[in-house]
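The residues making up each chain are set out below.
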Amino acid sequence: ITAGLSWARLCKECGQQHEGQESHLYEYQDEVDDELVCHICLQPLLRPMDTPCGHTYCFLCISNFLKEQDFCPVDRQRLQLHQCRPSSLLVRNLLDKLIVMCPHYVECQQQMQRCELQPHLLNRCPVFRRLREEAEKRKRPSWNELKGRKDDSESSGDAKISASLSRNASRPQPDPGLINPAYEESEEDNTPLRSSLVAEANLVELFREEPEEVLGLRIVGGKDTPLGNIVIQEIVRESLAARDGRLAPGDHILEVNDISLASVPHARAIAVLQQPALLRLTVMQEKGFKIRDQRHPTHGTHGNADNNPGTVLQVTLMKSQRSEPLGIKLIRKSEESGVFILDLLSGGLAARDGKLRNNDKVLAINGHDLRHGTPESAAQIIQGSEVRVNFVVMRPTEAQEDRGSSKEGQHSRGSRRLPEPQYFRRRTTYMKDPPGGFSSQEKTVSLKKEPRLSLGITIAGGRDCRSRLPVYITSVQPVGVLHRDGTIKKGDILLSINGVDLTQLTYSEAVSVLKAQTAQSQVFLRVIQTISEESEDDIDATNKDELDSMDELRDEAFNWTPLWTRWLGLPSHMHWCRDIVLQKTNSESWGFSIVGGYEESRGQQPFFIKTIVPGTPAHFDGRLKCGDEIVAVNGATTVGMNNSSLIPMLKLQKNKVTLTVVSWPGSLV
């Protein structure tokens, strides 16, 4: 039955084989009302869009049609895609409730509402599960093959992740200058747990209900930066991407709507990701190390508990029948992403089994990654499971739990680090040059004004904000005196006003100083502007008008924030850094890869975190992020180092390493 099916070409949403840019295919049980049928493809509507003239089409159908034409297919009235709006919730609910058959009905014998097909395929369909397992076996190369591939790439020049890799689930070849302390085989003889790294390419569709809706991704990288690739640094809590649950920090975005991001600058990639409505992202996702046997590595069973992530355990619960509840209450926490066990109901299956505990963090259920999941998605997986439910959880050490519960008036949080890590940030003492292609220039403005007139600027940042940013300008109002002067621009970083230093102030302190100084008739303002060779305005002319209009919409709806690349040219004396202490056993890897060091084409480059591997100390610690710059290791500066000196330094640290990093917030899309 499945001999002719290819897992790579099999759509993970509808279960049929079709090209990525084609509409999903469903087998409907009953005849569908004509009012719910698209006038272009003559099939039941998918992601229905209403036109101003009162007609409804599938999103893909009308978007493809309007690439060639500029009118409505039915009444030929003038029409552009941005004029269309998603259909009402009532229409979408009617479509979701259409009864369809599983594409593997001959063996599966299941039918369900259309909205339930994807969960069925992912959790219950035996054919789909078998195809996935067979593909997993085929796509996992041995460690020696991976190592050989790495060696080949180092001698063959630049090996970027290209569009072809978006169809290839094996690990991409590393770029020149990429060092992988996370991936090095241990010299110890007692390391049976790790055999090879697993990575796979996946297609993720995100649909904006409104054109200006934020996806909730913070992005780093680009061809104009040492990272090269476009990488997700962070998922914003409660955002569209967080609710979807399939993307995670560290994912590399290879394509967006069939546009390759393999060799585009950062600003261009952000513009592509701001396209309205449907986004089809091809992403390369690290899945961690393949486990050879049923034992799971433990982390943090030694050393300082402040940096001790806890112990990873596997627990299997066996239901007497599929509908039996497990008796587990799941919650999310405000201070940490993921799903946590709040309580085990007395007399329930989990309580009787006795292996799960309150405050355990759920990392996975039945192989589904929940490190950045939600209680709702976890409950859906449990409800769709058969009689066996496999949990992978991380349990804080007893010392952590005791310390958390001893605080008067607080519940036990199992916090890994007390106090919160950002309070350890400090002004850096490590001086260095910015990455190649990035620089800065100082600008000064001296003007006379009426004391009652404001400068006409708005600001953000401050050393008390989450990322400890310097104060920067978010807008220059047309009515202000600085707008008429024209020197000061949005994104400029404030240095001083009338000789008063602003670089180390909190937001409220900066506001107070600016108000006091602008009350004077003479104002002398110093700012710094960061510069990149790839300007944010370097966008293909074919899309510039459309992207400019989208930027206007987003500026109206949201506070402006700088792109990640704006911070790269900032002089190092304005950086704030923090120490991150990682601990591991001798048999583990640190769990991160680095790009940077000396390059013939660009000279000395800073070292940046490029990848963080799931299931490793760097991942469980949670503070290290893709795009972070490593300025020192165990207090020794990385300035002037090359790969051959930094790799041994990291390898020599058997159980503990202190990384001093500078971290800038990724660009928000």
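Treat the numbers as computed from the prediction; the structure is a model and nothing was measured.

Novice: When you look at the confidence of the model for the protein in this model, what are you seeing that I'm missing?
Specialist: Low-pLDDT stretches of the model should not have their predicted coordinates read in fine detail. For the protein, per-residue confidence averages 77 on the pLDDT scale, and 76% of positions sit at 70 or higher. Taken as a whole, residues 399–423 scores under 50 in pLDDT and shows 47 contacts with residues more than four places along the chain or in a different chain.

Novice: What should I look at first to understand the pairing of strand β32 (residues 656–662) in this one?
Specialist: Regular strands show a simple pattern: their side chains alternate between the two faces of the sheet. Across the 7 residues of β32, 6 count as buried, placing the element largely inside the fold. Where strand β30 (residues 629–633) and β32 come together, 4 bridges link them in antiparallel fashion. Note on β32: the bridge partner recorded for glutamate 629 is valine 662.

Novice: Looking at this model, I keep getting lost on unusual backbone geometry. Mind explaining?
Specialist: Backbone geometry follows two general trends: most residues other than glycine have a negative phi, and most peptide bonds adopt the trans configuration. Of note, leucine 42 is a non-glycine position whose phi angle comes to about 60 degrees, a positive value. Locating leucine 42 in the fold gives a position in the loop between β1 (27–28) and β2 (48–50). Of the residues examined, leucine 42 reaches a relative accessible area of 61% and is grouped as exposed. Not every positive phi belongs to a glycine, and glutamine 109 is a case in point at roughly 60 degrees. By the secondary structure assignment, glutamine 109 is in the loop between α3 (105–108) and β6 (111–113). We classify glutamine 109 as partly exposed; its relative accessible area is 48%.

Novice: Just checking my understanding: could you explain the side chain of aspartate 251 for this structure?
Specialist: On the secondary structure map, aspartate 251 appears in the loop between α7 (240–244) and β11 (252–256). No salt bridge forms around the buried aspartate 251; measuring N to O, its nearest opposite-charge neighbour arginine 371 is 6.3 Å away. Contacts of aspartate 251, omitting those with residues within four sequence positions, involve Ile230, Val231, Ile232, Arg246, Val283, Met284 and Gln285.

Novice: How should I be thinking about the state of the cysteines in this particular structure?
Specialist: Each disulfide is one covalent bond, formed between the sulfur atoms of two cysteines. Applying the stated criterion to the full structure yields 0 disulfides. Take cysteine 14: it sits in no disulfide, and the sulfur closest to it among the cysteines is that of cysteine 11, at 3.8 Å.

Novice: What is the right way to read the nonpolar core from this model?
Specialist: Nonpolar side chains in soluble globular proteins tend to be buried together. Counting residues in hydrophobic clusters, the biggest one holds 43 residues, and the most contacted among them are Leu582, Phe592, Ile594, Leu624, Leu650, Leu659 and Trp664. Core analysis: the second largest hydrophobic core is formed by 39 residues, Tyr26, Met49, Leu60 and Leu278 among them.

Novice: I tried to follow the sheet that holds strand β5 (residues 99–101) on my own but got confused; where do I start?
Specialist: Paired through their backbone hydrogen bonds, the strands of a sheet run either parallel or antiparallel. Pairing is antiparallel across the open sheet formed by 3 strands, whose spatial order is β1-β5-β6. Edge positions in the open sheet fall to β1 and β6, since each of these has one partner strand only. The sheet contact formed by β1 and β5 spans 2 bridges and is antiparallel. Counted as the bridge partner of tyrosine 28 is valine 100 from β5.

Novice: I keep staring at the side chain of glutamate 13 and nothing clicks. Help me out?
Specialist: Mapping glutamate 13 onto the fold places it in the segment before β1. Here glutamate 13 occupies a buried position and makes no salt bridge, while the nearest side chain of opposite charge, arginine 47, is found at 4.5 Å. A distance of 3.4 Å separates polar atoms of two side chains, one belonging to glutamate 13 and the other to histidine 24. Residues in contact with glutamate 13, not counting those within four places in the same chain, are His24, Tyr26, Leu117, Gln118, Leu121 and Glu205.

Novice: Quick question: what am I supposed to make of the pairing of strand β19 (residues 388–395) here?
Specialist: Burial within β19 is extensive, with 6 of its 8 residues counted as buried. Summarising the sheet, strand β17 (residues 361–365) and β19 pair through 4 bridges and their orientation is antiparallel. Residue pairing in the sheet places valine 362 in a bridge with valine 393 of β19.

Novice: I would appreciate a short explanation of the packing of aromatic side chains in the present structure.
Specialist: Where two aromatic rings form a pair, the distance of their centres and the angle of their planes describe that pair. Considering all chains together, one arrives at 7 aromatic pairs under this definition. Here the aromatic rings of tyrosine 472 and tryptophan 567 are separated by 5.5 Å at their centres, their planes lie at 80 degrees, and the arrangement is edge-to-face. Of the two residues, tyrosine 472 is situated in strand β23 (residues 469–476) and tryptophan 567 in helix α15 (residues 564–568); the sequence distance between them amounts to 95 residues. By the burial criterion, tyrosine 472 is buried, and tryptophan 567 matches it. Among the aromatic residues, those joined into a cluster by ring pairs are Tyr472, Trp560, Trp567 and Trp664. Cation over ring: arginine 114 sits above tyrosine 26, and NZ or CZ is 5.5 Å from the ring centre. Seen from the ring of tryptophan 590, lysine 584 lies directly overhead, with NZ or CZ sitting 4.9 Å from the centre.

Procedures and definitions
Residues numbered from 1 in each chain as written. Predicted model: local features only at pLDDT ≥ 70, side-chain atom pairs only at ≥ 80, totals over all residues. Heavy atoms only, no water. pLDDT = per-residue confidence, 0-100. Contact = heavy atoms within 4.5 Å. Buried < 20%, exposed > 50% of the residue type's maximum accessible area, 1.4 Å probe, protein only. Helix = DSSP H or I, 4+ residues; strand = E, 2+ residues; numbered from the N terminus. Pairing = 2+ DSSP bridges. Lys, Arg positive; Asp, Glu negative; His and termini not counted. Salt bridge = Lys/Arg side-chain N within 4 Å of Asp/Glu carboxyl O. Disulfide = S-S within 2.5 Å. Core = buried A, V, L, I, M, F, W, Y, C linked by side-chain atoms within 4.5 Å. Polar contact = N/O pair within 3.5 Å; in protein donor to acceptor, adjacent residues only side chain to side chain. Phe/Tyr/Trp six-rings, centres within 6.5 Å; stacked < 30°, edge-to-face > 60°. Lys NZ or Arg CZ within 6 Å of the ring centre and 35° of its normal.

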